[in-house]
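Letter by letter, the chains look like this.
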Amino acid sequence: MEHKGTVRIETERLVLRRFAADDGPAVFRNWTHDPEVTKFLRWPAHDNEGVTQAVLGEWIASYQDPSFYQWAIQLKELGEPIGTISVVGMNERTGMVHIGYCIGRLWWHFGIVTEAFRAIIPFFFDEVGVNRIESQHDPDNPRSGAVMKQCGLHYEGTLRQADWSNRGIVDACVYGLLRTDSTPNPSSRRR
């Protein structure tokens, strides 16, 4: 893989960009404080804005690493982050990136995460040289799986008690997309 780092990507409704230190209040307000958002995730809801600011500080420092991918999902009309999409796992040997995402409850069911995920697929295949993009979800969170399907990922199976989250040990429904499976996506562009 030829890593490029977290580059700016735009779609019709979204800007995918690096987080900035002054995003803290919006990030906390829009999703990190909400236990409903983190229910199926591995990190607990943040108790205060200071926790969110510390996490943002770690991400911002990590942008120096070209293999670090952590995008703020920003609605153009709102002008502030409402969620995030990132590489949460990677295997250089197989050319695989594992994608994770979350978004504030106010923006669920509007196709925003699907639009963001679709935008990063051509970036990873065409510019980074990834061979495989994968993601997974808890079977009790089927809407997350719907995002994966809408982005062209193929259901590959459910691994029993293979993951953990705020709910404890859970099954993992695994989806994957190979570079040879993908088709170009003209709806996103780098700026």
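See above for the structure.
So, how was this worked out
- Residues numbered from 1 in each chain as written.
- Predicted model: local features only at pLDDT ≥ 70, side-chain atom pairs only at ≥ 80, totals over all residues.
- Heavy atoms only, no water.
- Helix = DSSP H or I, 4+ residues; strand = E, 2+ residues; numbered from the N terminus.
- Rg over C-alpha atoms; globule rule 2.2 N^0.38 Å.
- Contact = heavy atoms within 4.5 Å.
- Areas by Shrake-Rupley, 256 points an atom, 1.4 Å probe, with all protein chains shown as cover.
- Lys, Arg positive; Asp, Glu negative; His and termini not counted.
- Charge placed at Lys NZ, Arg CZ, Asp CG, Glu CD.
- Core = buried A, V, L, I, M, F, W, Y, C linked by side-chain atoms within 4.5 Å.
- Buried < 20%, exposed > 50% of the residue type's maximum accessible area, 1.4 Å probe, protein only.
- Polar contact = N/O pair within 3.5 Å; in protein donor to acceptor, adjacent residues only side chain to side chain.
- Phe/Tyr/Trp six-rings, centres within 6.5 Å; stacked < 30°, edge-to-face > 60°.
- Pairing = 2+ DSSP bridges.

Student: So what about the overall build of the protein chain? Which residues, and what values?
Tutor: Of regular secondary structure, the protein chain possesses five helices and nine strands. In the protein chain, the succession of α and β elements from N to C terminus is β-β-α-α-α-β-β-β-α-β-α-β-β-β. For 191 residues, the compact-globule estimate of 2.2 N^0.38 gives 16 Å, and the protein chain sits close to it at 16 Å. Its C-alpha atoms give the protein chain principal-axis dimensions of about 45 × 40 × 30 Å. Within the protein chain, counting contacts between residues at least 6 apart in sequence, those at least 24 apart form 67% of the total. Of the roughly 9,700 Å² that the protein chain leaves accessible, carbon and sulfur atoms contribute 50%. In the protein chain, the 21 positive side-chain charges and the 24 negative ones have mean positions that sit 4 Å from each other.

Student: Could you give an account of the nonpolar core, naming the residues involved and the relevant values?
Tutor: Counting 36 residues, the largest nonpolar core has Trp-71, Ile-85, Ile-99, Phe-117, Ile-120, Phe-124 and Ile-133 as its most contacted members. Only β2 (14-17), β3 (70-75), β4 (81-91), β5 (96-103), α4 (112-128), α5 (142-150) and β8 (168-178) provide two or more residues apiece to this core. The element that contributes the greatest number of residues to this core is α4, accounting for 11 residues. If we ignore the near neighbours within four places in the chain, the residues touching Ile-133 are Val-97, Ile-99, Phe-117, Ile-121, Phe-124, Phe-125, Leu-153, Tyr-175, Gly-176 and Leu-177. With 11 residues, the next largest nonpolar core counts Trp-31, Leu-41, Leu-56 and Trp-59 among its residues.

Student: Tell me about the environment of Thr-6, and please be specific about residues and values.
Tutor: For Thr-6, the position within the fold is in the segment before β1 (9-10). The class for Thr-6 is buried, based on a relative accessible area of 4%. The spatial distance from the C-alpha of Thr-6 to the C-alpha of Arg-18 is 6.3 Å, given a sequence separation of 12 residues. Setting aside residues up to four positions removed in sequence, Thr-6 forms contacts with Arg-18, Tyr-63, Phe-68, Tyr-69, Gln-70 and Trp-71. Polar contacts involving the side chain of Thr-6 include one to the main-chain carbonyl oxygen of Phe-68, which spans 2.9 Å. A polar side-chain atom of Thr-6 sits 3.0 Å from the main-chain amide nitrogen of Gln-70.

Student: Residue-level account of the packing of aromatic side chains, with values.
Tutor: With the rule as written, the count across this model stands at 11 aromatic pairs. Taken together, a centroid distance of 5.0 Å and an interplanar angle of 45° make the contact between Phe-19 and Trp-59 tilted. With Phe-19 in the loop between β2 and α1 (24-32) and Trp-59 in helix α3 (residues 49-62), this residue pair connects regions lying 40 residues apart in the sequence. Through successive ring pairs, a cluster of aromatic residues spans Tyr-69, Trp-71, Phe-123 and Phe-124.

Student: I'd love a proper account of the pairing of β3, names of residues and values included.
Tutor: Within β3, six of the six residues are buried, which leaves it mostly tucked inside the rest of the structure. Relative to β3, β2 is paired through four bridges, and the arrangement is antiparallel. In the strand pairing of β3, Leu-14 is matched with Leu-75. In this structure, β3 lies alongside β4, joined through five bridges in antiparallel fashion. By the bridge assignment, Gln-74 is partnered in β4 with Pro-81. Here β3 folds back onto β4 in antiparallel fashion, the turn holding five residues, of which Gly-79 has a positive phi close to 80°.

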